[in-house]
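# Structural overview
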Amino acid sequence: MGYLQKKVKEIKERWTVTEKLVLIGNGMAGIRTVEEILKKDASRFQITVFGEEPHPNYNRIMLSSVLQGDSTVDDIVLNDYNWYEENHIELLTGDPIVKVDAEKQVVYSQNGLERSYDKLIFATGSNAFMLPLPGADKEGVIAFRNIKDCETMIETSKKHKKAVVIGGGLLGLEAARGLLNLNMEVDVIHIADFLMERQLDEQAGKMLKTELEAQGMRFHLKKNTKQILGKDRVQGIEFTDGTSLETDLVVMAVGIKPNIALAQEAGLTTERAIVVDDFMQTNVNQIYAVGECAQHRGIAYGLVAPLYEQGKVLAAHICSENESLEHGYQGSLVYTQLKVSGVNVFSAGHFQDSKETKAIRVHDEFEGIYKKVVVQDNKVVGAVLFGDTSDSTRLLSMMRNGDDISAMSKVALLPSESGEAQVSPVVAMADGDNVCDCNGISKGAICSAITENGLTTVEEVKQCTTAGRSCGGCKPLIADLLTLTTGEEVGNMPEPLCGCTEYTHEEVVAEIRELGLSHPREVMNVLGWESDEGCSKCRPAINYYLKMVDPIKNADDPTSRFINERAHANINHNGTFTVVPRMYGGVTDSGQLRKIADVADKYNVPLLKITGGQRIDLFGVEKEDLPNVWSDLGMRSGSAYAKALRTVKTCVGEQFCRFGTQDSIGLGVELEKKFEYINTPHKVKMAVSACPRNCAESGIKDFGVVGVDGGWELYVGGNGGVDLRGGDLFCKVKTKEEIIDTISAFMQYYRENARYLERTSHFVERVGLDQMKQVILEDEEGRKSLINRMEIALSTGKDPWKEIVENEELQKEFKKKQVEVLS
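A brief look at the structure comes next. Keep in mind that what you see is a predicted model, and the values were worked out from it rather than measured.

### What to know about the overall build of the protein
Assigned secondary structure in the protein consists of 28 helices and 38 strands. By the compact-globule yardstick of 28 Å for 823 residues, the protein fits well, its C-alpha radius of gyration being 29 Å. Seen along its three principal axes, the alpha-carbon backbone of the protein occupies a region of about 80 × 80 × 65 Å. Classification of the 823 residues of the protein by burial places 52% in the buried group. Partitioning the contacts of the protein with sequence separation of at least 6, the portion at a separation of at least 24 is 62%. Accessible area for the protein stands at about 38500 Å²; split by element, carbon and sulfur atoms hold 48% of it. One finds the centroid of the 94 positive side-chain charges in the protein at a distance of 4 Å from the centroid of its 121 negative side-chain charges.

### Notes on the pattern of salt bridges
Counting across every chain of the model gives 43 salt bridges. Ionic pairing is found between Asp388 and Lys371, a salt bridge with its closest N-O pair at 3.2 Å. You can see Asp388 sitting in the loop between strand S27 (379-386) and helix H10 (392-401) and its partner Lys371 sitting in strand S26 (residues 369-376), a full 17 residues away along the chain. As far as the burial class goes, Asp388 and Lys371 line up, both buried. Here Glu752 ties to Arg789 by a salt bridge, and the two come within 2.6 Å at their closest N and O atoms. With Glu752 in helix H23 (residues 736-753) and Arg789 in helix H26 (residues 780-794), this pair connects stretches of sequence that are 37 residues apart.

### Things to note about unusual backbone geometry
For Gln105, which is not glycine, the phi dihedral falls at a positive 60°. Mapped onto the fold, Gln105 is located in the loop between strand S6 (97-101) and strand S7 (106-109). Relative accessible area serves as the criterion here: at 22%, Gln105 is assigned to the partly exposed category. A positive phi angle, near 70°, is found at Gln286, a position not held by glycine. For Gln286, the position within the fold is in the loop between strand S20 (274-276) and strand S21 (287-289).

Criteria and cut-off values
- Residues numbered from 1 in each chain as written.
- Predicted model: local features only at pLDDT ≥ 70, side-chain atom pairs only at ≥ 80, totals over all residues.
- Heavy atoms only, no water.
- Helix = DSSP H or I, 4+ residues; strand = E, 2+ residues; numbered from the N terminus.
- Rg over C-alpha atoms; globule rule 2.2 N^0.38 Å.
- Buried < 20%, exposed > 50% of the residue type's maximum accessible area, 1.4 Å probe, protein only.
- Contact = heavy atoms within 4.5 Å.
- Areas by Shrake-Rupley, 256 points an atom, 1.4 Å probe, with all protein chains shown as cover.
- Lys, Arg positive; Asp, Glu negative; His and termini not counted.
- Charge placed at Lys NZ, Arg CZ, Asp CG, Glu CD.
- Salt bridge = Lys/Arg side-chain N within 4 Å of Asp/Glu carboxyl O.

Here it is in structure tokens:
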């Protein structure tokens, strides 16, 4: 069909629209309902969506990822503005509905807009519950519910140090982990005597507390907050037992309450939420409710899977020509599968013990694993898994199907305890079983999509079916299905570099080597990129691969780098920049401190802050001042913005510490001086601790060195972010020279084989530690070759600040653009 014919067809379809659908709420449940409606009959309704927040539909579950710095707001958008336009949906953001006239069937917005409707859907979600404490209205007391809350916490961390989170449930712990990542001291207040008591039993809750304490959180259990202290801004909190805590920020994460005020004013029947029947119909004709604001058979659900099930039923109902054939919503089996600060947790059903139940328990204190399966009348009615959740899919299926387990052994219930290699749980799943419960996508639907569309990657399955689009916890199962459906070789195929090409990362690197390509545009042209300009994913990756393949001949292309790397400073939300000078090993002196103080005064730097990497941030520097600031400092760039070595954190070591067995500062300084300015696939952090007390946190760095009697231990692949991962012990050596050579070989192997933006933690897991040991420790010639190539790459490294300070032409990039006004 030609373009003109297609447009005429679209216009004709629009003319035939007779029904108007208004959705109040632009959240996950409401938009999922619209998606289901579009699947069934895309031209039936003229759809208008009103949203209170100034954003398109985004994944609220991933807010903690934004807070923890692993995603941007753009990363968690589920449907961008183009999607609304392509589906002829009128989207009105930042404009909540303030009145509903159910008789006239008209809604009124805060900005004065009116829209009539034939069918109206309430998807107003929930509001965070704020404890009505004295002082709760002070500055610095917030909830954790939306993007604005995330932004407030990130901004607060730049000026303040201490945070208190009230609430030891899932949301509170996610907020606490994010605040730790922002280098704040975090105290968690919880009224119960163990954490996440709604999802875990006491044993699992206590294990979680121990794990999180090791990460740096401090817990105050069985505590009641009496009041929030301070004048205009919060300064502390006081408990009913008379004790208190100092804090600069209070995050209340004590629960949610359905947002039903508008529904009540419109005359809808409400209890805890808007009361609906099995078809999400309220007591008022043509008005429906879905999601957290809806109450079905006495239950208001808060998890995403039930909300999507409701949306599917509602879409089927209002698109149906024969309502008698519909089954309606029957309620949902509530379960939780998630990763809390790096710990895998699963719970479902009735997992608390009672007189009518018996339980099978597995508790491995060495591995930090706990499993509990609750049985009643020979059926599994509940389960809690902590640390190892590989049996969750099987248990959930048994609970849903009501399987009789009287003849089953413990190993049959928990196959992971057999000690044998595990078969993927998707093998035993029926076609109708959901792989992605968040989006309600079954095994059969995914297999059909793979077969019919020739899908070969998890990303393609996600784009085609929406499976894995929400929490992402099912991606390993999707990968298993790809393997089962297409064959193991195909299932393990890596994904394309980006949407501009079908070439994988590895294939792009191979082509650069084989064809001798030397510039990003040349790569895109020769390899047939779909876009002449590339995109924000492929251009920085190609630029990195070119320099990695030939660091001498291939020049860097600054236009292919992110803004922070082009400006050699981190951009702030207000357009100013943060400058971080290098302090080798975290060591400074009075001369450097005086220079920093003088620069701060001269350029009116609004904030100086000590970083977790033992350096000093200078926040709020204007872009045009950057070259002069660098010149006045007379210090080298700390690469705080770069995909390169950031810092080498050190403890004080044998020079002053009575426990120190090694010169940690000396080694740390030497490592930082050697590897500074070496480009890597992602940021790299190192640490050197002088003894196993590990005060420099060497266990969660990309490369961590720990002094022991008679030598050093080297750990690799550690990560302190949202995917918390302890480093793997790679080797034990006797001398500093051996440490430096091993890191040289390892880092070059990582540089040459990791995909761009792949952290060492993921790289180690993908490639395997044994493979790396074989290449780097056992293959003497291979090790030498890697070290030699690293030396060549290091020879090209230079301080970008010095280069710009000494080159007036390069400084022009930082000058304020003058705009001529023509009259």
